[in-house]
Amino acid sequence: MEETLSGKVERVVFHNADNGWTVLDLDAGETLEKVVGVFADIHVGEELQMQGNFVEHQKFGRQFQMQRYVSTLPTDTISVLRYLSSGAVRGIGPSTAARVIDKFGDDTLRILEEEPLRLAEVRGITREKAKKLGEEFHAQSGLRELLLTFSAYGLTQHEAVRCWKRFGVSAVSRIRDNPYILYTQELGISFERADSMALAMYGEGNTPSRLEAGLLHVLRHNTQNGHTCLPQEKLVAAAAGMLGATVEEMLAVLEHMKEKGAVYGEDLQGVAFVFLPQYYMAEKYIAARLREMAALSETTAAADIDRLEKKLHIHYAEQQRAALSAAATHHVMILTGGPGTGKTTAVNGMIFMAQHKGLSVQLAAPTGKAAKRMTELSGESAKTLHRLLEVQWDEDDRLTFNRNEKNPLEADVVIVDELSMVDSLLFEGLLKAMDPDGRIRTRFQMTVTATGRLSSTEPNLQNIPTRTDLGSEIRRMFIPAEGCVLVDADYSQIELRLLAHISGDEAMRAAFTTGADIHTATAAQVFHVAPGDVTHEMRRRAKAVNFGIVYGISAFSLSQDIGVTVAEAKAYMEAYFATFPGVRKYMD
């Protein structure tokens with residue numbers, strides 16, 4: 001039976017920022033209790049109300065294992081001082097906390113939340129720092145609100161931390177509007193759980209969000225069975241049956257998903273197929289790379305094979321000679337055959353021929369068992385593909401490889417056994433790690449640039465001067481692939497044009513198709529005036545809203561950018577979404 005424990009955080013003994021695992025001392029009034037569990041974020045001075053159980057740990061003694069909790073901020077001056085001194089708000093240490101408390105007393109936390117710029121009245125705090133402190137405090141409040149709002153629906157503290165990292169300050173509103181956004185690999189929340197939360201929050205009903213999540217669930221489930229895509233007819237029928245929807249409803253949602261890039265459709269031999277984006281991109285890349293590699297060839301290898309037979313005192317069968325010839329003269333080949341057909345002998349011959357020419361050879365297989373078998377049969381070291389590609393995990397627990405286009409494998413020849421066991425994403429990673437032609441390639445990015453322009457990194461090929469002989473010579477090295485051209489273009493409001501296209505919002509599309517100034521058009525709609533009556537200040541604020549919405553700005557940050565109250569900024573954002581409902585739907 002669950003027990004209840006309440007009190008103030010006296011000391012945070014340990015806190016893992018990645019998974020939230022925490023050990024803390026709690027002042028429960030007459031006793032000091034040891035508490036363990038997953039806390040999204042916790043600081044000295046906070047007041048906790050928890051459910052869980054007292055247990056007797058073999059090494060650490062009596063402790064309370066927390067299962068659920070509600071946290072409230074401290075209210076008295078001493079507790080607020082301890083809270084801020086503990087580093088609860090990044091940028092405020094013990095000395096700064098003391099000065100802030102001395103200035104504002106019991107009103108300190110309200111000032112942080114509602115009037116953060118007043119912190120500049122405190123010695124040592126600039127207006128810019130005050131703004132950042134306010135943003136930090138809002139972030140802490142948002143995480144607390146996320147837990148309070150959704151823990152009743154089964155969202156755990158650990159999951160709340162991941163949601164906060166993924167969605168930021170808009171997490172509560174986005175999850176409330178569409179609980180199915182929780183169904184992602186990065187968050188580790190299944191379709192069944194997201195569906196259960198949504199039904200608990202809003203009751204029965206096949207909303208477009210539920211139908212969309214259901215289609216994704218069927219596609220993702222089938223990737224576990226080796227299917228990179230599904231026939232559209234089967235996909236729609238399976239999802240409709242699972243959700244109790246009609247085929248017509250599913251088809252309408254599926255078409256919308258294709259339009260916004262949530263899935264990809266492709267007609268293959270007269271049959272419509274549907275792909276998840278990552279698998280579609282992988283399949284397209286694999287096909288293009290294999291086509292490129294298959295088009296390259298070397299000189300005949302007959303003489304090399306003759307010398308190899310003499311060297312090893314072997315007489316190869318006709319099919320083995322064909323395999324050796326194909327390996328020596330083509331940049332890609334597939335060797336098949338049942339047991340006892342001479343594959344191992346042929347592969348060992350390929351290794352010997354390559355090494356005799358001074359080429360480095362790397363052997364690999366999808367599993368450790370297969371790699372060990374390759375090593376035993378060839379006498380050469382073999383690795384698993386994941387080890388060969390130097391597998392890593394990013395901050396969202398997604399699989400990445402250190403070996404890629406920018407850091408290719410240091411091997412001239414790569415031989416992979418048991419290739420039929422390799423999935424598309426892993427095979428894509430292998431091909432990307434194989435340097436095809438020695439060309440320098442760059443990475444173009446828009447989301448990381450602070451200038452509003454497309455950026456070139458790894459290496460930067462953008463800022464090469466044209467007015468020098470050396471710069472002109474370097475630029476002449478930019479050679480596109482066959483059948484392609486290089487285009488250098490500037491753009492006007494590209495983010496908003498893309499948003500209008502992808503979201504399908506009719507009002508925003510109309511503004512661009514009629515040639516209207518989008519910021520003036522937005523200001524006219526938001527402030528309910530005629531376009532001709534839009535003032536410079538109205539347009540400036542509308543511009544901040546337009547671009548801020550695209551990049552997920554919060555009402556607090558918008559208020560700081562345009563110099564209005566948080567309530568006014570929130571009203572602007574609500575008016576914007578009322579004007580462009582398609583944008584709200586897409587962003588959710």
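Use the structure listed above.
Here's what I pulled together on the structure shown here.

Conventions used here
- Residues numbered from 1 in each chain as written.
- Predicted model: local features only at pLDDT ≥ 70, side-chain atom pairs only at ≥ 80, totals over all residues.
- Heavy atoms only, no water.
- Helix = DSSP H or I, 4+ residues; strand = E, 2+ residues; numbered from the N terminus.
- Expected span 1.5 Å × (residues − 1).
- Buried < 20%, exposed > 50% of the residue type's maximum accessible area, 1.4 Å probe, protein only.
- Contact = heavy atoms within 4.5 Å.
- Pairing = 2+ DSSP bridges.
- Axes fitted to C-alpha atoms, helices over the stretch in contact; angles between N-to-C directions.
- Phe/Tyr/Trp six-rings, centres within 6.5 Å; stacked < 30°, edge-to-face > 60°.
- Lys NZ or Arg CZ within 6 Å of the ring centre and 35° of its normal.
- 1 Å grid on protein atoms, 1.4 Å probe; cavity = no way out; pocket = protein on both sides within 12 Å on 5 of 7 lines; lining within 4 Å.
- Points joined across faces, edges and corners; volume = space filled by probe spheres on them.
- Nonpolar A, V, L, I, M, F, W, Y, C, P; charged D, E, K, R; others polar.
- Parallel < 35°, antiparallel > 145°, perpendicular 65-115°, else oblique.

## A closer look at helix 13 (residues 318–329)
Here's step 1: The end-to-end C-alpha separation of helix 13 is 16 Å, in line with the 16 Å expected for twelve residues at 1.5 Å each.
Here's step 2: If you check which residues of helix 13 are buried, you get Gln320, Ala323, Leu324, Ala328 and Thr329.
Here's step 3: Contacts from the buried residues of helix 13 go to helix 12 (302–312) and helix 14 (343–356).

## Overview of the sheet that holds strand 8 (residues 271–275)
Here's step 1: If you walk across this open sheet you meet the three strands as 6-8-7, and the pairing is antiparallel. Since the sheet does not close on itself, it has two edges, and those belong to strand 6 (229–231) and strand 7 (264–268), each with one partner. Within the sheet, the average angular offset between the axes of one strand and its neighbour, ignoring direction, is 30°.
Here's step 2: In this sheet, strand 8 lies alongside strand 6 in antiparallel orientation, the contact comprising three bridges. Counterpart to leucine 230 in the pairing with strand 8 is valine 274.

## Here we look at unusual backbone geometry
Here's step 1: Residue histidine 313 is not a glycine yet carries a positive backbone phi of 55°.
Here's step 2: Along the polypeptide, histidine 313 turns up in the loop between helix 12 and helix 13.
Here's step 3: Histidine 313 gets classed as exposed once you look at its relative accessible area, which sits at 73%.

## Considerations on the packing of aromatic side chains
Here's step 1: If you walk through the whole model with that rule in mind, you get nine aromatic pairs.
Here's step 2: Note on phenylalanine 54 and phenylalanine 64: the rings are 4.9 Å apart at their centroids and 70° apart in plane angle, and the pair reads as edge-to-face. Taken together, the positions of phenylalanine 54 in strand 4 (residues 47–57) and phenylalanine 64 in strand 5 (residues 61–72) put the pair ten residues apart, joining distant regions of the chain.
Here's step 3: Judged by relative accessible area, phenylalanine 54 falls into the partly exposed class, the value being 22%.
Here's step 4: Phenylalanine 64 gets classed as buried once you look at its relative accessible area, which sits at 0%.
Here's step 5: Aromatic side chains tyrosine 264 and tyrosine 280 sit 4.6 Å apart centroid to centroid with 5° between the ring planes, which places their arrangement in the stacked category. One end of the pair, tyrosine 264, is in strand 7; the other, tyrosine 280, is in helix 11 (residues 277–294), with 16 residues separating them in the sequence.
Here's step 6: When its relative accessible area of 26% is taken as the criterion, tyrosine 264 is described as partly exposed.
Here's step 7: The aromatic ring of phenylalanine 54 is capped on one face by arginine 62, whose charged end is 3.8 Å from the ring centroid.
Here's step 8: Over the aromatic face of tyrosine 285 sits the side chain of lysine 432, whose NZ or CZ is 5.3 Å from the ring centroid.

## Overview of empty space enclosed by the protein
Here's step 1: Inspection of the entire model under this criterion finds two cavities of 30 Å³ or more.
Here's step 2: Ala40, Asp41, Glu46, Tyr69, Ser71, Gln140, Leu143, Arg144 and Leu147 together form the lining of the largest cavity.
Here's step 3: Taken together, the elements giving at least two residues each to the lining of the largest cavity come down to strand 5 and helix 4 (127–150).
Here's step 4: For the lining of the largest cavity, the leading source of residues is helix 4, giving four residues.
Here's step 5: For the lining of the largest cavity, the residue count by class is four nonpolar, two polar and three charged.
Here's step 6: Put simply, the second largest cavity is a space of about 40 Å³.
Here's step 7: Every residue lining the second largest cavity is listed: Val526, Phe527, Arg541, Ala542, Val545 and Tyr572.
Here's step 8: Of all the secondary structure elements, the ones that give two or more residues to the lining of the second largest cavity are helix 21 (518–527) and helix 22 (536–550).
Here's step 9: Sorting elements by how many residues they give to the lining of the second largest cavity places helix 22 first, with three residues.

## Describing the packing of helix 21 against helix 24 (residues 566–579)
Packed helix pairs are specified by the crossing angle of their axes together with the interaxial distance, meaning the distance between the axes.
Here's step 1: Look at helix 21 against helix 24: their axes get within 9 Å of each other, and the N-to-C directions meet at 105°. In terms of axis orientation, helix 21 runs roughly perpendicular to helix 24. Where helix 21 abuts helix 24, its residues Thr522, Gln525, Val526 and Phe527 lie against Tyr572, Ala575, Tyr576 and Thr579.
Here's step 2: Residues belonging to the contact of helix 21 with helix 24 are distributed by class as follows: five nonpolar, three polar and no charged.

Shape is all these values report; function is a separate question.
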